[in-house]
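Chain and residue survey
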Amino acid sequence: MTQKRKVTLKDVSAASGLALITVSRALRHPETVQEETRQKVLKAIDDIGYVPNLMARSLVSNRSNMIGVVVPILTSSLFADFAQGAETVLKQANLQMLLGVSQRSTDQEAEAVRTFIARQADAIIVTGFTHSKACRKLLQAFHGPIVETWNLRPEALDISVGYSNFNASVEMTQYLIAKGYQNIATVGGAFENNDQAADRQAGFLHAMKTAGRSVPPENILAVPNPTTIESGGALITALLARPDPPDAVFFQAELPAQGAMMACLSAGVRVPEDIAIAGFGDLSISRLLPVPMTTIRIHATQIGQRASEMIVRRLNGETDQPLVSDVDFELMIRKSA
């Protein structure tokens, strides 16, 4: 099989019948050539399938126009919304998003960051503040803007965009206490490599302690990451089988909360009369359940948009913008609690 030859700028010149320097000028500085000339070049590019060498161009401009984004998972619609929000803003600024998935592994996050840097990314967006030593060294040595998202902590490397997971959990816990629930259990995600989950649990414990409530160890539970609907169903079934089951369960992730709700409805357990259920995330189906879910609404799309907006401003030379952007959260009170 004959190896195909790479299409070059010289081929565009030959196909368009224009001088090489004219073709180059039409691509790099289209405002300096006539519209008819530019259209000839674009038609030739389309006809022969020419793709500009962006890496070579970045050596000249010192910009690749590529932004690296690391998310923990793609199965969650929240992180899909986050990535979509980021991409929308970047596209408007003629920047291209490179997407990496860490699977909540700090090693995989480091590998994604290393790849972005090797490809001359102009900026990097990561999820959370939990990084391996190797990843932290890479980010600290990186020349461009870095945005840590989905949480707010004082140890940010550069820019942070998100909301306080601690405060969100405190607010939900205080609400459940104020509603009169006496035996409140909490269910978090796996805490390894997840500062958001750790801060949510810390917020729950802080609110309970402040209210003078003790929390028995059996009322602090976790489901594996990535969280699933099935895990919530199995867990609520086990809780209801206890001699003294909780009267409220605060799921600090939305999917298992939805699974718990479905399991209760299937078993004839009344929500919230027999047991109250609260979630965290406000996925679209939560308000449409037979018993609408009380939950924390996360503005995922806004987090992505804000992170990208701050990057665009930094790349455009705006250095006086704040380094912390709090998109906040909302307590959504519905029938389930």
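Shown above is the structure to which this text applies.
Residues numbered from 1 in each chain as written. Predicted model: local features only at pLDDT ≥ 70, side-chain atom pairs only at ≥ 80, totals over all residues. Heavy atoms only, no water.

1. Some points on empty space enclosed by the protein
In plain terms, the rule: Think of a 1 Å grid over just the protein atoms. A cavity is a set of points where a 1.4 Å probe fits yet cannot get out, a pocket is an open set with protein on both sides within 12 Å along at least five of seven lines, and lining residues have an atom within 4 Å of a point. Grid points are joined across faces, edges and corners, and a volume is the space filled by probe spheres set on the points. Helix and strand assignments follow DSSP, with helices taken as H or I runs no shorter than four residues and strands as E runs no shorter than two, numbered in order from the N terminus.
Enumeration according to the criterion identifies one cavity of 30 Å³ or more in this entry. Size it by volume and the largest cavity reaches roughly 120 Å³. Around the largest cavity, the lining is made up of 16 residues, and of these Ser102, Glu109, Thr127, Thr130 and Asn193 lie nearest the centre. For the lining of the largest cavity, the secondary structure elements donating two or more residues are β1 (66-71), α6 (106-118) and α9 (195-210).

2. Things to note about the environment of Asn151
To keep it simple, the criterion reads: Pairing of N or O atoms within 3.5 Å defines a polar contact, subject to two protein rules: one partner must be a possible hydrogen donor and the other a possible acceptor, and residues neighboring in sequence count only if both atoms are side-chain atoms.
Residue position: Asn151 is located in the loop between β4 (146-149) and β5 (159-162). In sequence terms Asn151 and Leu323 are 172 residues apart; their C-alpha atoms lie 13 Å from each other. Side-chain polar atoms of Asn151 contact the side chain of Asn165, separated by 2.9 Å. Only 2.9 Å separates the side chain of Asn151 from the side chain of Asp199, close enough to count as a polar contact.

3. Brief notes about helix α3 (residues 35-48)
Condition: The span expected for a helix works out to 1.5 Å for each residue beyond the first. In this description, contact between two residues means that some pair of their heavy atoms is separated by no more than 4.5 Å.
Between its terminal C-alpha atoms α3 stretches 20 Å, which fits the 20 Å expected from 14 residues at 1.5 Å a residue. Buried residues along α3 sit against α1 (9-16) and α2 (20-28).

4. Brief notes about the side chain of Glu109
The condition that has to hold: Whether a residue is buried, partly exposed or exposed follows from its accessible area with a 1.4 Å probe, protein chains only, as a fraction of its type maximum: under 20%, in between, or over 50%, in that order. The charged-residue count follows a simple rule in which Lys and Arg add positive charge and Asp and Glu add negative charge, with His and chain termini not counted at all. In what follows, salt bridge is the name for a side-chain nitrogen of Lys or Arg lying within 4 Å of a carboxyl oxygen of Asp or Glu.
Position of Glu109 among the secondary structure elements: in helix α6. Within the buried set, Glu109 has no salt-bridge partner at all; the shortest N-O distance to an opposite charge, 7.9 Å, is to Arg136. At a separation of 3.1 Å, a polar atom in the side chain of Glu109 contacts the side chain of His131. Those residues in contact with Glu109 that lie beyond four places of it in its chain are Val70, Ser102, Val126, Thr127, Thr130, His131 and Cys135.

5. Structural notes on a nonpolar patch on the surface
Rules: Patch membership requires over 30% relative accessible area and the absence of a salt bridge. Like charges are linked within 9 Å, and nonpolar side chains (Val, Leu, Ile, Met, Phe, Trp, Tyr) within 5 Å. A 1.4 Å probe and the Shrake-Rupley method give the accessible areas. Residues count as covered only by the protein chains that appear here.
A contiguous nonpolar surface patch, about 320 Å² in accessible area, is contributed by Ile229, Met262, Ile285 and Leu288. Relative to the elements of secondary structure, Ile229 occurs in helix α10 (residues 229-240).

6. Side note on the sheet that holds strand β11 (residues 324-326)
Operational definition: Strand pairing follows a simple DSSP-based rule, namely that at least 2 bridges must link the two strands. Lines are fitted to the C-alpha atoms to define the axes, a helix being fitted only along its stretch in contact, and any angle between axes, read from their N-to-C directions, falls within 0 to 180 degrees.
Strand order in the open sheet formed by six strands is β2-β1-β3-β4-β5-β11, and the pairing between neighbours is parallel. The open sheet has two edge strands, β2 (96-101) and β11, and neither has a second partner. On average, adjacent strands in this sheet sit at an angle of 15 degrees to one another, irrespective of strand direction. With three bridges joining them, β4 and β5 adopt parallel strand pairing. Of the residues in β5, the one forming a bridge with Glu148 is Ser160.

7. Here we look at the packing of α2 against α3
Inclusion rule: In these notes the angle categories are as follows: under 35 degrees is roughly parallel, over 145 is roughly antiparallel, 65 to 115 is roughly perpendicular, and the rest is oblique. Three classes are used, and their members are as follows: Ala, Val, Leu, Ile, Met, Phe, Trp, Tyr, Cys and Pro are nonpolar, Asp, Glu, Lys and Arg are charged, and the others, Gly among them, are polar.
Running from N to C, α2 and α3 point in directions that differ by 95 degrees, and their axes come no closer than 10 Å. Viewed along their axes, α2 and α3 adopt a mutual orientation that is roughly perpendicular. Only Thr37, Val41 and Ile45 of α3 make contact with α2, whose side of the interface consists of Thr22, Val23, Ala26 and Leu27. Broken down by class, the residue content of the contact of α2 with α3 amounts to five nonpolar, two polar and no charged.

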